[in-house]
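Observations on the model geometry
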Amino acid sequence: MKKNLVEIIKANPTAVAIIDNDCWWLMREPSENNPYLAAVESEDASDEDWDKHDAWDEANKLANDRDIEPLGTGGYGSGCCYGGDILQALAQIVGLKVESV
């Protein structure tokens, strides 16, 4: 079942968006709060350190571009590219129409 991004953002106003050119993630907390970050940044990071780091990241994830209901028309300014879904969700929350980016 696809998630409703507008409702997720409303319920998590302090969420952190990580936006790339062709994908995005919405997280509860910034990645630097991952308690296993220092361990995986060390030269002697173990597989167990990485597993714990990745499990924290997964549990911290609220949504990403692949698991939400589509927003917008699918053109520029909507969809996964450059956080278009996030832009469209924020626009819906404040009552703004975004036609293109």
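These figures come from a predicted structure and were not determined experimentally. (Residues numbered from 1 in each chain as written. Predicted model: local features only at pLDDT ≥ 70, side-chain atom pairs only at ≥ 80, totals over all residues. Heavy atoms only, no water.)

What follows deals with the overall build of the chain. Looking only at helices and strands, the chain has four helices and three strands in total. In the chain, the order of α-helices and β-strands from amino to carboxyl end is α-β-β-α-α-β-α. Seen through its C-alpha atoms, the chain measures out along the principal axes to roughly 50 × 25 × 25 Å. Out of the 101 residues in the chain, the part that is buried amounts to 31%. Considering only contacts in the chain between residues 6 or more positions apart, those separated by 24 or more positions represent 55%. For the chain, the exposed surface amounts to about 6,600 Å²; the carbon and sulfur share of it is 52%. If the 8 positive side-chain charges of the chain are averaged to one point and the 20 negative ones to another, these points end up 11 Å apart. (Helix = DSSP H or I, 4+ residues; strand = E, 2+ residues; numbered from the N terminus. Buried < 20%, exposed > 50% of the residue type's maximum accessible area, 1.4 Å probe, protein only. Contact = heavy atoms within 4.5 Å. Areas by Shrake-Rupley, 256 points an atom, 1.4 Å probe, with all protein chains shown as cover. Lys, Arg positive; Asp, Glu negative; His and termini not counted. Charge placed at Lys NZ, Arg CZ, Asp CG, Glu CD.)

The next thing to look at is the sheet that holds strand 3 (residues 61–64). Within a sheet, each strand pairs with its neighbour through backbone hydrogen bonds, oriented either parallel or antiparallel. Spatial ordering of the open sheet is given by 1-2-3, a layout of three strands whose pairing is antiparallel. Each having just a single partner strand, strand 1 (16–19) and strand 3 make up the two edges of the open sheet. Ignoring strand direction, the axes of neighbouring strands in this sheet form an average angle of 20 degrees. Across the sheet, helix 3 (residues 47–60) lies against strand 2 (24–27) and strand 3, angled at about 70 degrees from strand 3, the strand it touches most. (Pairing = 2+ DSSP bridges. Axes fitted to C-alpha atoms, helices over the stretch in contact; angles between N-to-C directions.)

Residues of the chain with pLDDT of at least 70 account for 94%, and the chain-wide mean is 91. Per-residue pLDDT, averaged within each element of the chain, yields its smallest value for helix 4 (residues 84–94) (91) and its largest for helix 1 (residues 5–11) (97). (pLDDT = per-residue confidence, 0-100.)

A word on the nonpolar core. Of all hydrophobic cores here, the largest spans 12 residues; its members are L5, V6, I8, I9, W24, L26, L62, A63, I68, L71, I86 and A89. Secondary structure elements with two or more residues in this core: helix 1, strand 2, strand 3 and helix 4. Counting residues per element, this core draws most heavily on helix 1, at four residues. (Core = buried A, V, L, I, M, F, W, Y, C linked by side-chain atoms within 4.5 Å.)

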